[in-house]
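Observations on chain architecture
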Amino acid sequence: MLRAIRASWKTRIEEELKRMNGDVVIPPLTVQTPPKIELGDIAFPLFAQAKVLGMSPPALANELKNRLGDHELLVAGPYLNVRIDVGELALHLAKKVSEDGDHYGHTRVLDGKRVMVEFSCPNTNKPLHLGHLRNDSIGESVSAILKANGAEVRKVNLINNRGVHICKSMLAYRKFGNGETPESTGIKGDHFVGDYYVRYNQEVEKDPSLEAQAQAMLKAWEDGDQETIELWTKMNEWTLQGLAESYESMNISFDHYYYESETYRYGKDEVLKGVEKGVFYREADNSVWVDLESIGLDKKVLLRSDGTSLYMTQDLGTAIKRNEDWPFDSMIYVVASEQQYHFKVLFYTLSLLGYEWAEDLHHLSYGMVNLPDGKMKSREGKVVDGDDLVEELQTLAREEIIAKEREDQVGDLAETSRAIALGALNYYLLQVSPTKDMIFNPAESISFNGNTGPYLQYMGARISSMLKRYDKEIPTSFDGSVLSLEDERSLIRQIAIFGEVVERAGEGYDPSQITAYLYELSKTFSRWYHDNPVLKAATPALIEARVGLSAMVLQVLKNAFALVGIPFLAAM
RNA sequence: GCGCUCGUAGCUCAGCUGGAUAGAGCGCCGGACUUCGAAUCCGUAGGUCGAAGGUUCGAAUCCUUCCGAGCGCGCCA
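Cut-off values and rules
Residues numbered from 1 in each chain as written. Chains lettered and ligands numbered in written order. Predicted model: local features only at pLDDT ≥ 70, side-chain atom pairs only at ≥ 80, totals over all residues. Heavy atoms only, no water. Helix = DSSP H or I, 4+ residues; strand = E, 2+ residues; numbered from the N terminus. Areas by Shrake-Rupley, 256 points an atom, 1.4 Å probe, with all protein chains shown as cover. Lys, Arg positive; Asp, Glu negative; His and termini not counted. Charge placed at Lys NZ, Arg CZ, Asp CG, Glu CD. 1 Å grid on protein atoms, 1.4 Å probe; cavity = no way out; pocket = protein on both sides within 12 Å on 5 of 7 lines; lining within 4 Å. Points joined across faces, edges and corners; volume = space filled by probe spheres on them. Axes fitted to C-alpha atoms, helices over the stretch in contact; angles between N-to-C directions. Parallel < 35°, antiparallel > 145°, perpendicular 65-115°, else oblique. Contact = heavy atoms within 4.5 Å. Nonpolar A, V, L, I, M, F, W, Y, C, P; charged D, E, K, R; others polar. Buried < 20%, exposed > 50% of the residue type's maximum accessible area, 1.4 Å probe, protein only. Pairing = 2+ DSSP bridges. Near = heavy atom within 4 Å. Polar contact = N/O pair within 3.5 Å; in protein donor to acceptor, adjacent residues only side chain to side chain. Core = buried A, V, L, I, M, F, W, Y, C linked by side-chain atoms within 4.5 Å. pLDDT = per-residue confidence, 0-100. Disulfide = S-S within 2.5 Å. Salt bridge = Lys/Arg side-chain N within 4 Å of Asp/Glu carboxyl O.

Before going further, it helps to spend a moment on the overall build of chain A. Along the backbone of chain A there are 21 helices and 13 strands. Principal-axis analysis of the C-alpha atoms places the extent of chain A at approximately 85 × 70 × 40 Å. Carbon and sulfur atoms make up 49% of the accessible area of chain A, which amounts to about 26,400 Å² in all. Here chain A contributes 62 positively and 84 negatively charged side chains, and the mean placements of these two sets differ by 4 Å.

Here it is as structure tokens:
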């Protein structure tokens with residue numbers, strides 16, 4: 001609705017400009033939002049138009065206001081602004097929000113589009129670490145945002161369960177495992193296997209021959225050696241069971257799993273076809289290459305001289321397979337920025353093979369996550385374990401609740417602590433633009449004050465608590481004209497633009513648009529609610545309008561929470 | 001060396017794709033609870049937007065150069 005109002009003002013003012021001087025071509029107006037609520041709701045800067053007309057921008061603004069003579073117009077220097085009637089907008093929104101409910105703010109810009117989102121992609125030789133957490137957070141959130149824009153989304157996970165690194169943990173287990181299992185030791189499967197991977201790296205320092213043994217094991221695996229396959233199957237199951245538990249506890253899920261043990265064979269045929277077509281070439285040693293110098297990249301190997309495939313070969317094949325499995329309009333790879341080069345090569349190589357959909361592939365690259373006390377380095381054993389981190393956040397949340405003596409208000413303490421930990425984690429990770437490296441500060445993320453997930457959850461709980469005390473039906477229609485405070489018009493405007501924020505987040509694959517919006521909305525509500533009574537407002541009409549407004553804010557909070565993985569905590 | 005990404009308050013981050021006096025949070029200092037959840041709210045201080053040029057009515061945003069940081073540059077994944 002706000003969009004329609006903007007558009008109609010734009011044409012109205014442009015027509016007036018044309019009437020002022022029909023001889024010159026007037027540049028189209030740009031539409032903006034004023035930086036402060038006192039300056040109105042829509043802004044039209046007049047610099048370019050004034051120049052063409054030979055006037056100063058402020059003079060033109062005044063002239064336009066006089067000509068149009070509308071009470072909603074106001075002149076602010078070189079800007080002509082519109083201060084819209086919020087009463088009418090509030091009424092419209094109340095109806096819309098209550099009708100749309102959990103879908104309020106969703107758009108249809110991606111209706112009919114099929115989008116595949118690949119994320120997480122763990123190795124089966126160790127548990128998830130902090131980097132995976134950012135990956136999973138972004139993957140889940142972007143998927144939810146695309147769905148909210150109307151797309152049909154398929155979330156896929158590619159399990160890296162093959163390769164020499166997997167054999168390393170297997171080798172260590174065979175040598176030092178003594179038949180122990182996750183069950184017998186009580187250790188979660190992924191951690192159990194991960195411990196053997198660490199053990200390998202310790203042992204190989206003392207005995208370098210282990211390296212060759214791991215390679216030999218990979219060969220045995222590829223040759224289908226029964227004992228090796230059995231060990232591999234068993235250890236993979238342990239890890240995957242552990243990972244499944246982690247995913248579940250973090251509300252992460254997938255529509256489909258791909259396994260590298262199957263996909264690693266893909267792509268060879270495609271590469272050979274490419275050779276026939278002449279887009280790739282063969283070296284004297286029989287290896288196959290693609291020359292990317294025309295786009296400023298190097299030459300890249302696609303098949304080894306012994307004819308075996310590589311990571312790139314496999315990714316080529318996997319992309320093609322996926323498009324066959326589930327033809328998509330676009331596919332997003334959520335993968336760390338260190339693989340930017342890989343994806344450039346991958347996408348361009350696919351286009352060389354003649355796949356037109358190669359241009360619909362997108363690498364959603366995200367930066368590294370570090371801790372306040374320095375870099376995360378796996379070699380130095382400074383990897384931050386994902387399960388441990390969530391556990392730590394949960395403990396911090398529980399301690400905070402107990403310290404504030406809020407136990408009786410939160411219901412199930414363990415469940416609430418978990419919800420707060422997840423909200424804190426997801427909000428903190430998503431509040432930063434994906435492309436940037438970031439520092440994750442656990443204590444800061446869990447704080448109940450400031451720009452954090454728990455703060456937002458608290459706002460949601462408070463509003464729902466207040467609304468529970470209201471003894472009548474929540475109004476879906478009320479007289480919005482009594483909402484005359486600046487904070488009230490600000491809230492109404494924010495509710496109105498939620499859909500645009502969702503759309504922008506979808507266009508840029510950028511959850512931080514949602515987190516920024518959430519904080520702004522909560523902050524405004526919080527200030528307003530602190531200063532102004534709702535249930536005890538002066539008149540029945542004002543009570544009704546403010547309750548209606550609060551209910552709208554609550555619905556928008558819930559809907560936005562769902563897009564960034566923040567669990568909603570209802571009032572007890 | 002080459003390529004990609006980035007540089008905004010003491011710290012952690014926004015800045016709506018070129019517009020109004022560059023904004024938050026944390027921390028510091030100072031205020032506000034007999035009242036709807038104080039897990040809150042309000043205020044003060046804190047900036048040469050890495051540097052220098054350029055484009056234009058207008059630049060944190062676009063271009064060039066330089067400085068600094070991270071990540072890549074395997075017949076590893």
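Picking up where we left off.
Before going further, it helps to spend a moment on the layout of surface pockets. Considered as a void within the structure, the second largest pocket measures approximately 840 Å³ in volume. Taken together, 27 residues line the second largest pocket, and the ones lying closest to its centre are Arg-406, Gln-409, Val-410, Tyr-458 and Ala-461. Sorting the residues of the lining of the second largest pocket by element identifies helix H15 (386-403), helix H16 (413-430), helix H17 (442-446) and helix H18 (453-469) as the ones contributing at least two each.

What follows concerns the packing of helix H8 (residues 189-206) against helix H10 (residues 226-249). The description of two packed helices rests on the angle between their axes and on the distance between the axes. The N-to-C vectors of H8 and H10 enclose an angle of 130°; their axes lie 6 Å apart at closest approach. In terms of their interaxial angle, H8 and H10 are classed as oblique. Two secondary-structure elements touch here, H8 through Gly-189, Asp-190, Phe-192 and Val-193 and H10 through Met-235, Trp-238, Thr-239, Gly-242, Leu-243 and Ser-246. A breakdown of the residues in the contact of H8 with H10 according to their chemical character gives 5 nonpolar, 4 polar and 1 charged.

Right, let's get into unusual backbone geometry. Of note in the backbone geometry, Asn-178 takes a positive phi value of approximately 50° without being a glycine. Locating Asn-178 in the fold gives a position in the loop between helix H6 (164-176) and helix H7 (182-185). The exposure class assigned to Asn-178 is exposed, which follows from its relative accessible area of 74%. With phi around 60°, Asn-251 is a residue other than glycine that occupies positive phi space. In this fold, Asn-251 is placed in the loop between H10 and strand E6 (256-259). Note on Asn-251: relative accessible area 48%, which makes it partly exposed.

The sheet built from 3 strands is open, its strands ordered E1-E3-E2 with antiparallel pairing. Of all strands in the sheet, those bounded by a partner on one side alone are strand E1 (42-45) and strand E2 (73-76). Looking at each pair of strands side by side, their axes are set apart by 25° on average, direction ignored. In terms of strand pairing, E2 meets strand E3 (residues 79-82) through 4 bridges, oriented antiparallel. The partner of Leu-74 across the bridge, within E3, is Asn-81. Sheet strands touched by helix H1 (residues 2-20): E1, E2 and E3. Its angle to E1, the strand with the most contacts, is close to 30°. Its contacts with the sheet place helix H3 (residues 57-68) against E2 and E3, and it is angled at close to 165° to E2.

This part covers the sheet that holds strand E5 (residues 152-159). Strand pairing within a sheet occurs via backbone hydrogen bonds; the two strands may be parallel or antiparallel. Strand order across the open sheet formed by 5 strands is E6-E5-E4-E10-E11, with parallel pairing between neighbours. Both edges of this open sheet fall to E6 and strand E11 (361-366), since each of them pairs with a single strand only. This sheet shows a mean twist of 25° between the axes of neighbouring strands, independent of strand direction. Where helix H14 (residues 340-352) meets the sheet, its contacts fall on strand E10 (330-336) and E11, and the angle it forms with E11 comes to roughly 180°.

In the vicinity of RNA strand B there are 65 residues, among which Lys-51, Tyr-79, Asp-285, Arg-406 and Asn-449 approach most closely. For RNA strand B, the backbone makes up 62% of the atoms found within 4 Å of the protein, where backbone means sugar plus phosphate. Contacts to RNA strand B include Ser-433, whose backbone N or O atom sits 2.4 Å from a phosphate oxygen. Tyr-455 is positioned with one of its side-chain polar atoms (N or O) 2.5 Å from a phosphate oxygen of RNA strand B. Among the elements of the structure, helix H2 (47-53), E3, H14, strand E13 (438-439), H18 and helix H20 (512-531) are those that each provide at least two residues to the surface near RNA strand B. Its residues assigned to classes, the surface near RNA strand B shows 28 nonpolar, 18 polar and 19 charged.

Grouped together as the largest cluster of nonpolar side chains are 116 residues, with contacts concentrated most on Ile-13, Leu-146, Ile-332, Phe-440, Ile-495, Ile-514 and Leu-518. With 15 residues, helix H21 (residues 540-564) is the largest single contributor of residues to this core. For Ile-495, the residues in contact, after removing those within four places along its chain, are Leu-93, Val-97, Tyr-104, Tyr-517, Leu-549, Met-552, Val-553 and Val-556. One finds Trp-326, Val-335, Leu-346 and Leu-361 within the second-largest nonpolar core, a separate group that totals 31 residues.

What follows is about the confidence of the model for chain A. Taken over all residues, the pLDDT of chain A has a mean of 91, while the share at 70 or more is 98%. Here the predicted complex scores 0.95 on pTM and 0.94 on ipTM.

Inspection of every chain in the model, using the stated rule, returns 0 disulfides. Its sulfur unpaired, Cys-121 is 20 Å from the next cysteine sulfur, which belongs to Cys-167. You can call Cys-121 buried: its relative accessible area is 17%. You can call Cys-167 buried: its relative accessible area is 2%.

Before going further, it helps to examine the pattern of salt bridges. Per the counting criterion, the structure on display carries 30 salt bridges. Between Glu-293 and Lys-299 there is a salt bridge, with the nearest N and O atoms lying 3.2 Å from each other. Residue Glu-293 is classed as partly exposed on the basis of its relative accessible area, which comes to 48%. On the basis of relative accessibility, which here comes to 37%, the residue Lys-299 falls in the partly exposed class. Between Glu-415 and Arg-418 there is a salt bridge, with its nearest N and O atoms 3.3 Å apart. Here the residue Glu-415 and the residue Arg-418 both occupy positions in helix H16, the gap between them amounting to 3 residues, near one helical turn. A residue is classified by how much of its surface remains accessible, and Glu-415, at 42% relative accessible area, is partly exposed.

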